[in-house]
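# Reading the structure
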Amino acid sequence: MKKIGIMMGSDSDLPVVKKAIDTLASFGVPYEVHIYSAHRTPEQAKDFACNARANGFGAIICAAGMAAHLAGAIAANTTLPVIGIPMKSGALDGVDALYSTVMMPSGIPVATVAIDGAVNAALLSIEMLAIEDASLAQKLEDKRKADTAKVLEKNAKAEAEFNH
Ligand code: RP5
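What this report covers is the structure whose coordinates are included nearby.

Rules used in this analysis
- Residues numbered from 1 in each chain as written.
- Predicted model: local features only at pLDDT ≥ 70, side-chain atom pairs only at ≥ 80, totals over all residues.
- Heavy atoms only, no water.
- Pairing = 2+ DSSP bridges.
- Helix = DSSP H or I, 4+ residues; strand = E, 2+ residues; numbered from the N terminus.
- Right-handed = clockwise from strand over helix to strand, strands pointing away.
- Buried < 20%, exposed > 50% of the residue type's maximum accessible area, 1.4 Å probe, protein only.
- Contact = heavy atoms within 4.5 Å.
- Arc of directions from axis to C-beta.
- Patch = residues over 30% accessible without salt bridge, like charges linked within 9 Å, V, L, I, M, F, W, Y side chains within 5 Å.
- Areas by Shrake-Rupley, 256 points an atom, 1.4 Å probe, with all protein chains shown as cover.
- Salt bridge = Lys/Arg side-chain N within 4 Å of Asp/Glu carboxyl O.
- Core = buried A, V, L, I, M, F, W, Y, C linked by side-chain atoms within 4.5 Å.
- Phe/Tyr/Trp six-rings, centres within 6.5 Å; stacked < 30°, edge-to-face > 60°.
- Lys NZ or Arg CZ within 6 Å of the ring centre and 35° of its normal.
- Near = heavy atom within 4 Å.
- Polar contact = N/O pair within 3.5 Å; in protein donor to acceptor, adjacent residues only side chain to side chain.
- Nonpolar A, V, L, I, M, F, W, Y, C, P; charged D, E, K, R; others polar.
- Axes fitted to C-alpha atoms, helices over the stretch in contact; angles between N-to-C directions.
- Parallel < 35°, antiparallel > 145°, perpendicular 65-115°, else oblique.
- Left-handed = near helix turned anticlockwise from the far one by under 90°.

Another aspect to go through is the sheet that holds strand β3 (residues 57–65). The parallel open sheet is built from 5 strands, whose spatial order is β2-β1-β3-β4-β5. Two strands bound the open sheet, and with one partner strand each, they are β2 (31–35) and β5 (111–112). Here 2 bridges tie strand β4 (residues 82–87) to β5, and the two strands are oriented parallel to one another. Counterpart to G84 in the pairing with β5 is T112.

The next point concerns the pairing of β2. As paired elements, strand β1 (residues 3–8) and β2 share 5 bridges and run parallel to each other. Residue M7 lies in a different strand from β2, and its bridge partner there is H34. A crossover connection joins β1 to the parallel β2 through helix α1 (residues 14–26); in handedness this β-α-β unit is right-handed.

With that settled, consider the side chain of S10. With respect to the helices and strands, the residue S10 is situated in the loop between β1 and α1. S10 gets classed as buried once you look at its relative accessible area, which sits at 16%. Beyond its immediate chain neighbours, meaning those up to four positions away, S10 contacts I35 and R40.

The next subject is helix α2 (residues 42–51). Because each turn of an α-helix spans 3.6 residues, side chains separated by three or four positions in sequence point in the same direction. Turning to α2, its buried residues number three or more, namely A45, F48 and A49. One face of α2 carries all of its buried residues, which in axial projection span an arc of 95 degrees. Considering only its buried residues, α2 is in contact with β1, β2, β3 and α3 (70–75).

Among the 6 residues in β1, 5 count as buried, and that is most of the element. As judged from the 6 bridges shared by β1 and β3, these two strands associate in the parallel manner. Across the sheet, residue M8 finds its bridge partner in β3, namely A63.

Our focus in this paragraph is a nonpolar patch on the surface. Together, L92, V95, Y99, V102, M103 and I115 give the surface a local cluster of nonpolar side chains, amounting to about 580 Å² of exposed area. Positionally, L92 belongs in the loop between β4 and α4 (95–102).

Here we come to the nonpolar core. With 26 residues, the main nonpolar core has I4, L24, F27, V29, I85, I126 and L136 as its most contacted residues. At 7 residues, helix α5 (residues 118–130) tops the list of elements feeding residues into this core. In this structure, I126 is in contact with T23, L24, F27, V29, L136 and L140, ignoring residues within four places of it in sequence.

Aromatic ring pairs are reported here in terms of the distance separating the ring centres and the angle at which the planes meet. This structure, assessed with the given rule, holds 1 aromatic pair. Note that K3 overlies the ring of F57, its terminal NZ or CZ placed 4.4 Å from the centroid.

Every residue close to the ligand is listed here: G9, S10, S12, D13, R40, A64, G65 and S89. A distance of 2.6 Å separates an oxygen atom of the ligand from a polar atom in the side chain of D13. At a separation of 3.0 Å, an oxygen atom of the ligand approaches a polar backbone atom of G65. In isolation the ligand exposes 370 Å². Once the protein is present, 74% of that is buried. Tallied by class, residues from the shell around the ligand come to 1 nonpolar, 5 polar and 2 charged.

Turning our attention to the packing of α5 against helix α6 (residues 134–162). Interaxial distance between α5 and α6 falls to 8 Å at its minimum, and their mutual angle equals 140 degrees. In terms of orientation, α5 lies oblique with respect to α6. Crossing handedness for the pair α5 and α6: left-handed. Judged by residue contacts, L123, I126, E127, L129 and A130 of α5 engage L136, A137, L140, K143 and R144 from α6. For the contact of α5 with α6, the residue count by class is 7 nonpolar, no polar and 3 charged.

What follows is the structure, encoded as structure tokens:
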């Protein structure tokens, strides 16, 4: 199975990014985690992106806050799918990172999830791998069914308590 690359601009992003790591682990998807910044370690970030396809990656998740260029800089150096997580941080609470990540000019796409949307970033990357992997696709189906069952259980409790 292809690996998912997980990159974040700072270790201060890790508490949120951990949710993506945990989600990939729960699906048995292999991953690599790196703290690389478009601004602070541009050479390392570029090297990772340039070699990612040859190194067995299928998609790359990039989490960064503030003037967030990591996802765009990585996407500029690979044709693998890149998923950006705008991080909530700084004076603008992630709106700066959201705009920086989502507003990529034509030609270099970055699939952007919600501010701090680490779980969806991981699920989207798993969906990409599942295009060619039936057993992974089945796990995604099973998770959807389990999530639905949890909500219906809560609904049944609420209905029993409030609807008379
Ligand atoms: C970004 O700046 C990082 O991704 C982080 O979200 C934000 C703040 O970084 P630190 O100052 O906490 O290292 O590059």
